Amino acid sequence: MSNNKYLLYLGCAIPYRLLSYEISARKVVEKLGLELVEMPDYNCCGLPLDPADHEIMLTLAARNLCIAEQKGLNIMTLCPGCAGTLRKVNKLLKEDKHERERVNSYLKEAGFEFKGTIEVKHLMQVLAEDVGFERLKESVKRPLVNLSVAEHNGCHVVRPQKHIGFDDPENPRILKSLIEVTGAKCLDYLDETECCGAPIVGVNDRIPLSLARDKLSHMKAVSAQAIITVCPFCHMMFDTNQARIERMFNETYGMPVLHYPQLLGLAMGFSPGELALKDLRVDSSKLVNLI
Amino acid sequence: MSETTQTQSKAPEANATLRISDIDMQFKNEVKKIPGGERIMMCFQCGTCTADCPIARFSDSYRPRQILRMAQLGLKEKVLSSDQLWLCAACYTCVDHCPQDVEISSVIRALKNIAVREGYMPYAFKEMGGAVLETGLAYKIPELRLRKRQEIGLPPLPKANIGSIAKLFNRTGFLKLIEKGEGANVKQ
């Protein structure tokens, strides 16, 4: 199957809250020569409902996989939660006959059947594996040599390792390498691989905000000028909630949080406007002036 | 999502005395039947999950090892009614680190699944389930935002076939779970 043409799976959180991620991702991906096809009839990946019922998660994920199979295209997602879920379910249904038969018995009701003919990748994987670092390097027109940033991976891009099999969850390197391609420096910081806490915001706010604040303080300690994310939920934790964290702990961070394709896009020569930088909650104009 | 409710009140160890009548010897088998819960009895209580859990670090009471032990022992009601169950962020650090390959986070998810069947469902999940049924997505995206896509040059958001999703909700039994409504156990 083509490594240059993908069904774009947008999921729920991005069209709901983070068009800046979608806009910037489309810009850079298309500039790199990949073709994106809108994924028709797609539904929620299922992950948000997994705590309530595992069967509906499997079924919703599988329905998306079936649509991609009908289209004969691999899926690219921007959200690690969607990528992790679709990848995990795809692998499970391909490998486990009993699970496949059970889920297919549900899908039959809606006229679908899982066959196991496609692959699912997160944007980061597409960039690292299909586009490759050489091509990425060539696309950089304006190296961001004055920037020192911190990365935040997003758990579901790498964990659980046995189901995802991408990068090393204990010492993730790929997002760092993707950042370094832009010319920016990617700083190490304490507890770098730790979760941002976002998934439990619906049931508790003190714990996730404390977690995000802890990470923010560690990034500030190494003088990071910005945080780079590849997940809509992590992004909301650090960007949308940053003012709340500042109020809650009586601290000041003022740390811009960019979606990775915004950083890459800047290095490719796109303007901040084209990459929707103005949509970010934390002002990024000082950062842009450093470029 | 509501960001106001707090779930720090009820620690699982609150009632120290255990009664034999509180124990459901079959509970572990119920957990094992749910995909992801199979290896619950392999947990030998080393505590790696709790030590490495980012949530446990910031919570006075959330301890994955303790939840696993209570479930192994058959303290069904205590586990299922505990607010702690819902604090797992599913970051899967414990899954990667468990020396017994228990998939702690999946066992906890299996426990949540049973809790939901028993009528304990935090409102957020009911709301998201309802949104998926109505729109295909976990959030109801306002018309205004859908129109904004076109204004800024993005393709229209594809619409899911809602009838097809309703059939799957019905077939998996999930429809009944979210329709269960305002039973005594449903958390708000």
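Just so we're clear, the structure is a prediction, and the values are computed from it rather than from any experiment.

Trainee: I'd like to hear about the domain arrangement of chain A, residue by residue, with values.
Mentor: All names here are of chain A. The domain architecture assigned to chain A consists of domain 1 (5-123) and domain 2 (133-290). One C-alpha centre belongs to domain 1, the other to domain 2, and the line joining them spans 24 Å. The partner domain 2 presents 25 residues to the 24 residues of domain 1 that form the contact. Looking at the side of domain 1 that touches domain 2, the elements that each hand over two or more residues are α1 (13-17), α2 (19-31) and α4 (80-95). Broken down by element, the residue count for the side of domain 1 that touches domain 2 peaks at 9 residues, all from α2. Taken together, the residues that form the side of domain 1 that touches domain 2 break down as 13 nonpolar, 5 polar and 6 charged.

Trainee: Which residues make up the sheet that holds strand β1 (residues 5-9) of chain A, and what values do they have?
Mentor: Residue and element names in this part refer to chain A. Taken together, the 4 strands give an open sheet; going across it, the order is β2-β1-β3-β4, and neighbouring strands pair in parallel fashion. For this open sheet the edge positions go to β2 (35-38) and β4 (120-122), each flanked by a neighbour on one side alone. In this sheet, neighbouring strand axes are inclined to one another by 40° on average, regardless of whether the strands run parallel or antiparallel. Bridging between strand β3 (residues 74-77) and β4 involves 3 bridges; their strand directions are parallel. Paired with Ile75 across the strands is Val120, a residue of β4. Taken strand by strand, helix α6 (residues 123-131) contacts β1, β3 and β4, and its axis lies near 95° from that of β4.

Trainee: Quick one: what's the story with the confidence of the model for chain B, residue by residue and with numbers?
Mentor: Summarising the model, chain B shows a mean pLDDT of 89, and 87% of its residues fall at 70 or more. For this predicted complex, the interface confidence score (ipTM) comes to 0.94, while the overall pTM stands at 0.94.

Criteria and thresholds
Residues numbered from 1 in each chain as written. Chains lettered and ligands numbered in written order. Predicted model: local features only at pLDDT ≥ 70, side-chain atom pairs only at ≥ 80, totals over all residues. Domains from an automatic or database assignment. Contact = placed C-beta atoms within 7 Å. Helix = DSSP H or I, 4+ residues; strand = E, 2+ residues; numbered from the N terminus. Nonpolar A, V, L, I, M, F, W, Y, C, P; charged D, E, K, R; others polar. Pairing = 2+ DSSP bridges. Axes fitted to C-alpha atoms, helices over the stretch in contact; angles between N-to-C directions. pLDDT = per-residue confidence, 0-100.

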